[in-house]
Structures are given as structure tokens and as C-alpha cells.
Amino acid sequence: MITAINSISDVEQFTKHLAQVENLSFHPDDDFMDYFNNSKQPMYTPEEATLRNKLMRDCFEVCEKEKVDIYGMMLNILYKSLLN
């Protein structure tokens, strides 16, 4: 998984990882501590959730700087992942 978000390409890569590798249907505003599996167990350890929350905050910063709609971009990637 990507460990730093510095460009729109990084945002896309992070989004694809969440959707395709972690099979996560997510919303950019949600805290990763709030995701649970079918057994009602947390999907992420506190450390894993903290890292993903930081990366998502960085995604917002990069998208704002580049004037890219983070919601539209991530939704598009999620949608394409569901079709595959």
C-alpha cells in the first residue's frame, strides 16, 4: 500500500488499493475506525486506521491544491472497481 500522498496519481493509487485490494466500499469523509467486517469486528487495527485516516487527509489536501473533486474522482474509481 502507498505510504505517502503527494500527487493526484497517489490519490488514485490509494483509492484503487482500498477498493480493489481491501475490497472496501468507503466514503472519503468516514473514519477508518468505523469500518467493521461481517462478524462486527474492526476491519483495521488502531494503527492501520490511523495511517489510512492520515493518507485520506493528505488526499483531500492534494485534491484541493490541484482543484480536483475528490468525491467524484474516488466515486468513479470505486464504481469502475465494482464493474470488474
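Residues numbered from 1 in each chain as written. Predicted model: local features only at pLDDT ≥ 70, side-chain atom pairs only at ≥ 80, totals over all residues. Heavy atoms only, no water.

Novice: Teacher, can you tell me more about the overall build of the protein chain here?
Specialist: A count of helices and strands for the protein chain gives three helices and zero strands. For the protein chain, the succession of helices and strands along the chain, N to C, is α-α-α. Radius of gyration (C-alpha) of the protein chain: 12 Å, near the 12 Å computed for a compact globule of 84 residues. By the burial criterion, 37% of the 84 residues in the protein chain qualify as buried. In the structure as shown, the protein chain presents an accessible area of about 5600 Å², 50% of it carried by carbon and sulfur atoms. (Helix = DSSP H or I, 4+ residues; strand = E, 2+ residues; numbered from the N terminus. Rg over C-alpha atoms; globule rule 2.2 N^0.38 Å. Buried < 20%, exposed > 50% of the residue type's maximum accessible area, 1.4 Å probe, protein only. Areas by Shrake-Rupley, 256 points an atom, 1.4 Å probe, with all protein chains shown as cover.)

Novice: Explain the nonpolar core to me, please; I cannot follow it from the model alone.
Specialist: Where a protein is soluble and globular, its nonpolar side chains tend to be buried together. Membership of the largest hydrophobic core comes to 22 residues, with the highest contact counts inside it found for Phe 14 and Phe 32. Breaking this core down by element, the ones donating at least two residues are helix 1 (8–21), helix 2 (46–66) and helix 3 (70–83). A total of six residues in this core trace back to one element, the largest contributor, which is helix 2. Aside from chain neighbours lying at most four places away, what touches Phe 32 is Phe 14, Leu 18, Leu 24, Tyr 44, Ala 49, Arg 52, Asn 53 and Met 56. (Core = buried A, V, L, I, M, F, W, Y, C linked by side-chain atoms within 4.5 Å. Contact = heavy atoms within 4.5 Å.)

Novice: Help me out: how do you make sense of the packing of helix 1 against helix 2 in this one?
Specialist: Two measures define how a pair of helices packs: the angle their axes make with one another and the distance between the axes. At their nearest, the axes of helix 1 and helix 2 sit 9 Å apart, and the two run at 140° to each other. Considered as vectors, helix 1 and helix 2 are oriented oblique to each other. Note that helix 1 runs across helix 2; the crossing there is left-handed. Where helix 1 approaches helix 2, its residues Ile 8, Val 11, Phe 14 and Leu 18 are matched on the opposing element by Arg 52, Leu 55, Met 56, Cys 59, Val 62, Cys 63 and Glu 66. (Axes fitted to C-alpha atoms, helices over the stretch in contact; angles between N-to-C directions. Parallel < 35°, antiparallel > 145°, perpendicular 65-115°, else oblique. Left-handed = near helix turned anticlockwise from the far one by under 90°.)

Novice: Please explain the packing of helix 2 against helix 3 as it appears in this structure.
Specialist: Where helix 2 contacts helix 3, the axes come no closer than 10 Å and their chain directions differ by 120°. In terms of orientation, helix 2 lies oblique with respect to helix 3. Here Met 56, Cys 59, Phe 60 and Cys 63 of helix 2 come into contact with helix 3, specifically with Ile 70, Tyr 71, Met 73 and Met 74. A per-class count over the contact of helix 2 with helix 3 returns eight nonpolar, no polar and no charged. (Nonpolar A, V, L, I, M, F, W, Y, C, P; charged D, E, K, R; others polar.)

Novice: Looking at this model, I keep getting lost on the confidence of the model for the protein chain. Mind explaining?
Specialist: Low-pLDDT stretches of the model should not have their predicted coordinates read in fine detail. Looking at the protein chain as a whole, the pLDDT averages 96, with 100% of positions reaching at least 70. At the level of individual helices and strands, the protein chain shows its lowest average pLDDT in helix 3, which scores 93, and its highest in helix 2, which scores 98. (pLDDT = per-residue confidence, 0-100.)

Novice: Quick question: what am I supposed to make of helix 1 here?
Specialist: Every α-helix carries 3.6 residues per turn, so stepping three or four residues along brings you back to the same face. Look at helix 1: 19 Å from first C-alpha to last across 14 residues, which is about the 20 Å you get at 1.5 Å a residue. Along helix 1, the residues classified as buried are Asp 10, Val 11, Phe 14, Thr 15, His 17, Leu 18 and Ala 19. Those residues of helix 1 that are buried are in contact with helix 2 and helix 3. In the stretch just after helix 1, Asn 23 is the one whose phi turns positive, near 50°. (Expected span 1.5 Å × (residues − 1).)

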